[in-house]
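Breakdown of the fold
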Amino acid sequence: LAGSPFNCTAVPGVLHAARSIASGSALTLATAGVTSSLRVTARDIYSNLRPYTSDIFGVSAYPLDVASSAISALGGGVYSLSYSIHTIATTPNYQLWVRSRGDTPGHVVNSPFPLSPHAGPVKLANTLVDGSALIPFYAGAIVHFNTTERDSQFNVRKQTTPGIFATITVAAGPNPLASGGCRDASAGVIDCTYS
């Protein structure tokens, strides 16, 4: 043929979620109230990189609600997805789903991912206190109270390191009236005793 060989330009095919790859620690770890970020590399059905900025991906979590999510194109077919969760359910089995949206919806490779959500930092205003130490007691009596630590989203914080980690002092003005200690009773409950 006249003009042969011809120059041609090969371009990737349409987005194929089952060949697209998600990466980052936010696929398996999240903290309530804190934004988590992961990356997705967009590919076509033949695993060719799609160096565009128009593909759309999203995240969802089960049984958690994703409080917010956002996507931004980093270039070269790589996208940053960020999300946050607020309320942690009581089930031990959480999953994070990463999906493409638009003309070719589907899950990325290995989605859903096993997710381990954690409560955020302690917020003292949300921490619950109960027990006999909260009612009038007699001098020399041993009294107990429990605190249940909660984060800013009211999630119970799970303590992982048992042992004495705090001391308490009951005082009237500058003079201490009683002293004692606290221990981790597990499951976010702190058991304190003083006399």
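Please read these numbers as outputs of a predicted model, since none were measured by experiment.

Section: the environment of Leu81
Within the fold, Leu81 resides in strand S6 (residues 78-85). Expressed as a C-alpha distance, the spacing of Leu81 and Arg39, which sit 42 residues apart in the sequence, is 6.0 Å. When near neighbours in sequence (up to four residues on either side) are disregarded, Leu81 contacts Ser36, Ser37, Leu38, Val40, Phe57, Gly58, Val59, Ala70, Ile71 and Val98.

Points about the pattern of salt bridges
Between side chains of opposite charge, a pair can form when the charged atoms approach closely. Scanning the entire structure with this criterion turns up 1 salt bridge. A salt bridge links Asp55 to Arg50; the shortest N-O distance between them is 2.9 Å. We note that Asp55, like Arg50, is buried.

A short note on the environment of Ile190
Its location among the elements puts Ile190 in strand S14 (residues 189-194). When the C-alpha positions of Ile190 and Phe145 are compared, they lie 8.3 Å apart, and in sequence the two are 45 residues distant.

Things to note about unusual backbone geometry
With omega at 0°, the peptide bond leading from Tyr62 into Pro63 counts as cis. With respect to the helices, strands and loops of the structure, Pro63 is situated in the loop between strand S4 (56-62) and strand S5 (66-75). In this chain, Ser111 is followed by Pro112 through a cis amide linkage whose omega measures 10°. Relative to the assigned elements, Pro112 resides in the loop between strand S8 (106-107) and strand S9 (113-118). Phi is positive for Ser47, close to 70°, though the residue is something other than glycine. Within the secondary structure, Ser47 sits in the loop between strand S3 (36-41) and S4. One non-glycine residue, Asn110, lies in positive phi territory at about 70°. The residue Asn110 is located in the loop between S8 and S9 in this model. Given a relative accessible area of 60%, Asn110 falls into the exposed group.

So, the confidence of the model for the protein
In the predicted model, the protein carries a mean pLDDT of 80, and 76% of its residues have values of at least 70. Note on residues 160-165: pLDDT is under 50 here. Beyond four places in sequence and across chains, it has 11 contacts.

A short note on the pairing of S9
One face of the sheet, then the other: side chains in a regular strand alternate in exactly this way. Judged by which residues are buried, S9 turns out to be one-sided: Phe113, Leu115 and Pro117 face inward and are buried, whereas Pro114, Ser116 and His118, on the alternate face, are not. Strand direction decides the pairing type here: strand S2 (residues 29-31) and S9, joined by 3 bridges, are parallel. Pairing of Thr31 across the sheet is with His118, part of S9. As paired elements, strand S7 (residues 94-101) and S9 share 3 bridges and run antiparallel to each other. What sits directly across from Leu96, in S9, is Phe113.

Basis of the calculations
Residues numbered from 1 in each chain as written. Predicted model: local features only at pLDDT ≥ 70, side-chain atom pairs only at ≥ 80, totals over all residues. Heavy atoms only, no water. Helix = DSSP H or I, 4+ residues; strand = E, 2+ residues; numbered from the N terminus. Contact = heavy atoms within 4.5 Å. Salt bridge = Lys/Arg side-chain N within 4 Å of Asp/Glu carboxyl O. Buried < 20%, exposed > 50% of the residue type's maximum accessible area, 1.4 Å probe, protein only. pLDDT = per-residue confidence, 0-100. Pairing = 2+ DSSP bridges.

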